[in-house]
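# Observations on chain architecture
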Amino acid sequence: MRVKIEEIKDQGLQLKESLGLEQLRAALEGSGFQATEPLAVSADLRKVSGGVLLKAQFTERVDTQCKRCLADATLTLPVSFTLNLVPQSLARGEDVLDEDEVEEKDRGHGESGGSFSINDTDEEVFDGKVIDLEPIVREQAILALPMNALCREDCKGLCAQCGQNLNEKACACEAKSEDSPLARQLKKLKIQS
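The text that follows walks through the structure, step by step, so that each part is easy to find. Quick caveat, the model's predicted, so the values are computed rather than measured.

Calculation rules
Residues numbered from 1 in each chain as written. Predicted model: local features only at pLDDT ≥ 70, side-chain atom pairs only at ≥ 80, totals over all residues. Heavy atoms only, no water. Axes fitted to C-alpha atoms, helices over the stretch in contact; angles between N-to-C directions. Helix = DSSP H or I, 4+ residues; strand = E, 2+ residues; numbered from the N terminus. Parallel < 35°, antiparallel > 145°, perpendicular 65-115°, else oblique. Left-handed = near helix turned anticlockwise from the far one by under 90°. Contact = heavy atoms within 4.5 Å. Nonpolar A, V, L, I, M, F, W, Y, C, P; charged D, E, K, R; others polar. Patch = residues over 30% accessible without salt bridge, like charges linked within 9 Å, V, L, I, M, F, W, Y side chains within 5 Å. Areas by Shrake-Rupley, 256 points an atom, 1.4 Å probe, with all protein chains shown as cover. Salt bridge = Lys/Arg side-chain N within 4 Å of Asp/Glu carboxyl O. Buried < 20%, exposed > 50% of the residue type's maximum accessible area, 1.4 Å probe, protein only. Polar contact = N/O pair within 3.5 Å; in protein donor to acceptor, adjacent residues only side chain to side chain. Core = buried A, V, L, I, M, F, W, Y, C linked by side-chain atoms within 4.5 Å.

Helix-helix packing: each pair is described by the crossing angle between the helix axes and the interaxial distance. Following both chains from N to C, one finds helix α1 (residues 21-28) and helix α3 (residues 133-143) inclined at 55°, their axes separated by 10 Å at the closest point. Between α1 and α3, the angle falls in the class oblique. Note on packing geometry: the crossing formed by α1 with α3 is right-handed. Touching Gln23, Leu24, Ala27 and Leu28 of α1 are Glu134, Arg138, Ala141 and Ile142, all from α3. Of the residues that constitute the contact of α1 with α3, the class distribution is five nonpolar, one polar and two charged.

Below is the structure:
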């Protein structure tokens, strides 16, 4: 999934590429998600302002465990993203600033030592000659994974007392009354006021 910059003509370049199942599984390793099929990526690349504008989309299908009921869940995640691909020579104005200006700019950052700016969040740097889309697509596939995957939106989860999956059937447990020492003290305070 490598694109040479000279392949991108004035009208842009449309690509249909694939990220293999093994590559995707390796990227998701340790995440709790298992890829079930390769990614079919549609990408549009256009030259703009010395860089390249990348618009891409794909649908990711993964298996995981529901966070509420622990049942197996299959998720279909549509992903679309836009990134500004900036050549290293243009990144952060490196080729424009002379040595004195660089020192002045660094002093403006203070003691933090950080150079990250919120304006850089939709930028990706490349060498200026070849764009490797594979790491970009892998990163977007990871970013698309939900923090709390559910088997369905209205998942009832497990009973806190007996562990019954409440999606399958209701359990016979009674609602536990709050009879902890803290609850008793709070009740006393409420009665006194």
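For the rest of this paragraph, the subject is a nonpolar patch on the surface. Among the surface-exposed residues, Leu182, Leu186 and Leu189 lie close enough to one another that they form a single nonpolar patch of about 320 Å² accessible area. Relative to the assigned elements, Leu182 resides in helix α4 (residues 181-192). Relative accessible area serves as the criterion here: at 58%, Leu182 is assigned to the exposed category.

Along the chain, Asp127 turns up in the loop between β7 (123-126) and β8 (130-132). Sequence separation between Asp127 and Val86 is 41 residues, and the spatial gap between their C-alpha atoms is 8.4 Å.

Tracing the backbone through its elements, the reader meets Thr64 in strand β5 (residues 51-65). Polar side-chain contacts of Thr64 include one of 2.8 Å to the backbone oxygen of Gly32.

Leu45, Leu54, Leu85 and Ile131 are the most contacted members of the largest nonpolar core, which has 33 residues in total. The set of elements that each furnish at least two residues to this core consists of β2 (13-19), α1, β4 (39-48), β5, β6 (72-87) and α3. Per-element accounting of this core gives the leading share, six residues, to β6. Beyond its immediate stretch of four places on either side in the chain, Leu54 contacts Ala43, Asp44, Leu45, Phe81, Thr82, Leu83, Leu85, Leu133 and Ile136.

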